[in-house]
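Survey of secondary and tertiary structure
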Amino acid sequence: MNLKVDESMVHGSKALLQQLPSIDRIMQWPAAQALVAAHGHTLVAGEARALVAARREAARAGTLAATALQPEALAADLRQRCGQRLAPRLKPVLNLTGTVIHTNLGRSVLADEALAHILRTMAGTNNLEFDLDSGGRGDRDTLVEDLLCEITGAEAATVVNNNAGAVLLTIAALAHGREAIVSRGELVEIGGAFRMPDVMASAGARMVEVGTTNRTHPADYQQAFNERTALVMKVHTSNYAVQGFTSSVDEAVLAPLCRARGVPLATDLGSGSLIDLAAYGLPREPLPQEMLRAGCDVVTFSGDKLLGGPQAGLIVGSKAAVGRIRKYPMKRALRMSKLPLAALEATLMLYLQPERLVRDLPTLRHLTRSQAQILVMAEALKPVLARALAPRFEVGCVALSSQIGSGSLPVDRLPSAGLAIGLPGSGDKGGPAKGVGTALDELARALRGLPLPVVGRIAHDRLLLDLRCLDDAEPLAAQLPALREALGMGPLNT
Ligand SMILES: *Cc1c(COP(=O)(O)O)cnc(C)c1O
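Residues numbered from 1 in each chain as written. Predicted model: local features only at pLDDT ≥ 70, side-chain atom pairs only at ≥ 80, totals over all residues. Heavy atoms only, no water.

If you look the protein chain up in an unreviewed UniProt entry, it shows as L-seryl-tRNA(Sec) selenium transferase from Aquincola tertiaricarbonis. Quoted verbatim from the Subcellular location (unreviewed entry) field of the UniProt record, the comment on the protein chain reads "Cytoplasm". The protein chain has a UniProt comment under Sequence similarities (unreviewed entry) that states "Belongs to the SelA family." (UniProt positions renumbered as here; feature names shortened; annotations may be inferred.)

Put into structure tokens, the structure is as follows:
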């Protein structure tokens with residue numbers, strides 16, 4: 001659009017404005033009536049008003065083109081405005097960042113079983129809190145309690161909205177108004193201002209710190225015990241690693257000390273995998289079942305990290321401790337909603353069929369894909385992408401390192417593969433090509449702007465697309481003409 005304003009154009013625009021149809025007129029056009037039939041009068045009339053106001057504004061600014069007042073142009077604009085108004089803000093995104101459990105991209109991808117169970121149970125009424133045997137009131141927790149007990153070996157289980165809530169509730173229910181002991185090496189901040197000292201305070205417990213940042217010993221805990229002690233809290237330091245001269249006290253060592261004092265021991269695992277990841281060639285994470293065997297009274301972990309399910313906070317443990325947690329009033333405020341509860345039930349069912357996990361649980365499927373498998377996909381995609389981005393960009397296959405994400409196993413990397421996009425010749429010794437940063441930012445923005453946004457990462461003057469989480473290359477390939485257009489590169493020659 002020509003933004004240069006000259007006097008004749010301003011006067012011309014004012015004259016044009018007289019031709020701007022009224023909102024009532026526009027609403028009578030067949031094109032508007034078709035929109036009304038689909039969306040109702042309120043939304044379409046609102047957009048018609050906004051459209052007319054925008055045209056007026058353009059006229060005042062002297063930037064209104066005569067063609068913009070043609071009924072066809074106005075109708076097309078109205079249709080587009082209605083479409084945009086109704087386009088969801090939350091949309092699917094292709095996660096090619098290389099971080100499998102990406103908190104900003106929705107964490108774990110739900111299994112088909114979980115999605116199907118949500119659809120099946122949420123389209124109508126269901127037995128969320130209704131006991132079909134007795135015909136009386138039921139408890140939503142019982143829908144998954146047996147499954148959680150079977151899988152982890154716990155006596156009892158309950159679930160809340162997320163693991164932060166599970167930790168808060170556990171501390172409040174067991175130690176409100178009294179003391180909770182925690183090691184200085186485990187005063188974790190897990191992001192989003194969730195810091196253990198603040199959580200303790202919010203839960204109304206007096207935090208008693210023991211040990212030092214790098215070393216805590218059994219005697220440190222023993223010296224802190226007194227008649228006000230209500231809880232010993234262990235926190236899995238999932239999002240960082242302290243290396244070197246370190247020691248911490250394992251749950252198995254701590255449990256007998258706590259038991260002798262009649263003090264419950266709780267451990268927050270954060271991610272908490274329900275299966276031994278080492279069996280799949282992945283770095284090991286502590287399992288809730290091990291923590292229970294070690295003598296913990298309560299174990300808390302997330303539903304949407306390594307477990308691969310919906311957002312949820314899972315609490316497993318002894319009948320006595322879980323019973324107190326379940327009855328604590330805060331539980332009602334943190335209770336799980338029916339949608340994730342359905343997803344959680346179906347996800348846990350997959351754990352009853354462990355052979356299916358690597359195939360049907362996306363989180364585990366993505367984590368266990370080998371570099372060789374991912375490279376095959378990268379090699380197939382490379383020529384397609386190279387052609388779509390030529391001649392402005394060059395595309396190559398590269399070895400990459402994925403990470404698990406969500407604070408799990410922060411130092412471990414998974415050998416992966418993908419595509420590296422750079423400027424032609426930028427691999428030469430002459431250093432980075434001029435303008436490479438701007439060009440890659442523009443490319444990254446165009447990828448994010450696709451109907452199915454694609455999110456990669458920029459490193460060392462290249463845009464990297466890690467294909468570990470790409471189950472199917474087709475949705476990416478199908479968008480390449482749109483990508484080319486977004487970059488103003490003109491259509492592909494076929
Ligand atoms: C992630 C994490 C939490 C919080 O879990 P959410 O399900 O995200 O609320 C708590 N503790 C630790 C150690 C974590 O890693």
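By volume, the second largest pocket is sized at about 420 Å³. What lines the second largest pocket is a set of 24 residues, among which E186, K234, V235, T237 and S248 lie closest to the centre. Going through the elements one at a time, β5 (229–235) and β6 (265–270) are the ones with two or more residues in the lining of the second largest pocket. Its residues assigned to classes, the lining of the second largest pocket comprises eight nonpolar, eleven polar and five charged. (1 Å grid on protein atoms, 1.4 Å probe; cavity = no way out; pocket = protein on both sides within 12 Å on 5 of 7 lines; lining within 4 Å. Points joined across faces, edges and corners; volume = space filled by probe spheres on them. Helix = DSSP H or I, 4+ residues; strand = E, 2+ residues; numbered from the N terminus. Nonpolar A, V, L, I, M, F, W, Y, C, P; charged D, E, K, R; others polar.)

The subject of this paragraph is the sheet that holds strand β8 (residues 313–317). With mixed pairing, the seven strands of this open sheet are ordered in space as β2-β8-β7-β6-β5-β3-β4. Each having just a single partner strand, β2 (156–160) and β4 (206–210) make up the two edges of the open sheet. Strand-to-strand, the axes of this sheet are offset by a mean angle of 25°, without reference to chain direction. Where helix α8 (residues 163–175) meets the sheet, it contacts β2, β3 (179–183), β5, β6, β7 (298–302) and β8, and its direction lies at approximately 160° from that of β7. Packed onto the sheet, helix α13 (residues 319–327) meets β2, β7 and β8 and runs at close to 30° relative to β2. (Pairing = 2+ DSSP bridges. Axes fitted to C-alpha atoms, helices over the stretch in contact; angles between N-to-C directions. Contact = heavy atoms within 4.5 Å.)

A word on helix α11 (residues 251–261). All buried positions along α11 are accounted for by E251, L254, A255, L257 and C258. Contacts made by the buried residues of α11 are with α10 (218–224), β5, β6 and α12 (288–293). Positive phi shows up at G262, right after α11, with a value of about 70°. (Buried < 20%, exposed > 50% of the residue type's maximum accessible area, 1.4 Å probe, protein only.)

A few words now on the packing of helix α4 (residues 41–61) against helix α5 (residues 71–86). Axis separation between α4 and α5 bottoms out at 9 Å; the angle between their running directions is 120°. The angle between α4 and α5 falls in the class oblique. Of the two elements, α4 crosses α5, and the hand of that crossing is right-handed. Residue-level inspection shows L43, V44, E47, A48, A50, L51, A54 and R55 of α4 in contact with α5, the latter providing A73, L74, D77, L78, R81, C82, R85 and L86. Its residues assigned to classes, the contact of α4 with α5 comprises eleven nonpolar, no polar and five charged. (Parallel < 35°, antiparallel > 145°, perpendicular 65-115°, else oblique. Left-handed = near helix turned anticlockwise from the far one by under 90°.)

Let us now look at the side chain of T300. Relative to the assigned elements, T300 resides in strand β7. In terms of polar contacts, T300 uses its side chain to reach the side chain of D268, at 3.0 Å. Ignoring any residue separated from it by four or fewer positions in sequence, one finds T300 in contact with N163, A166, V167, T170, T267, D268, L269, G270, L314 and I315. (Polar contact = N/O pair within 3.5 Å; in protein donor to acceptor, adjacent residues only side chain to side chain.)

A few words on the packing of aromatic side chains. What describes a pair of aromatic rings is the distance from one ring centre to the other and the angle between the planes of the rings. A full pass over the atoms with the stated rule returns zero aromatic pairs. Against the face of F245 rests R215, its NZ or CZ located 3.8 Å from the ring centre. (Phe/Tyr/Trp six-rings, centres within 6.5 Å; stacked < 30°, edge-to-face > 60°. Lys NZ or Arg CZ within 6 Å of the ring centre and 35° of its normal.)

Let's shift gears to the environment of P391. As for its placement among the helices and strands, P391 is situated in the loop between α18 (371–389) and β9 (394–402). Residue class for P391 comes out exposed when judged on its relative accessible area of 69%. In the structure, P391 is positioned 33 residues away from P424 in sequence and 7.8 Å away in space, judged by C-alpha atoms. Every residue in contact with P391, bar those within four places of it in the chain, is listed here: P424 and M489.

Moving on, we come to the UniProt feature "domain: L-seryl-tRNA selenium transferase N-terminal" (unreviewed entry) in the protein chain. Summarizing the sequence annotation, UniProt attributes the feature "domain: L-seryl-tRNA selenium transferase N-terminal" (unreviewed entry) to residues 17–56 in the numbering used throughout. Regarding residues 17–56, the helix share stands at 82% and the strand share at 0%, and the terminal C-alpha atoms are separated by 7 Å.

A few words now on the sheet that holds strand β12 (residues 457–459). Across the sheet, which stays open at both edges, the four strands sit in the order β9-β10-β13-β12 with antiparallel pairing between neighbours. The sheet terminates laterally at β9 and β12, the two strands that pair on one side only. Strand-to-strand twist of the sheet, defined as the mean angle between neighbouring strand axes without regard to direction, takes the value 40°. The sheet strands contacting α18 are β9, β10 (414–422) and β13 (462–466), and the helix crosses β10 at an angle near 5°. Contacting β10, β12 and β13, helix α19 (residues 436–448) runs over the sheet at an angle of about 35° to β13.

To continue, consider the packing of helix α3 (residues 30–39) against α5. Where α3 contacts α5, the axes come no closer than 9 Å and their chain directions differ by 20°. With respect to each other, α3 and α5 are oriented roughly parallel. Like other packed secondary-structure pairs, α3 and α5 cross with a definite hand, here right-handed. Taking contact as the criterion, the partners of A31, A32, L35 and H39 in α3 are, on α5, A75, L78, R79, C82 and L86. Residue composition of the contact of α3 with α5, grouped by class: seven nonpolar, one polar and one charged.

Let's shift gears to the UniProt feature "modified residue: N6-(pyridoxal phosphate)lysine" (unreviewed entry) in the protein chain. Mapped onto the present numbering, the UniProt feature "modified residue: N6-(pyridoxal phosphate)lysine" (unreviewed entry) falls on K305. Mapped onto the fold, K305 is located in the loop between β7 and β8. Residues in contact with K305, not counting those within four places in the same chain, are I101, R107, S108, G270, S271, T363 and S406.

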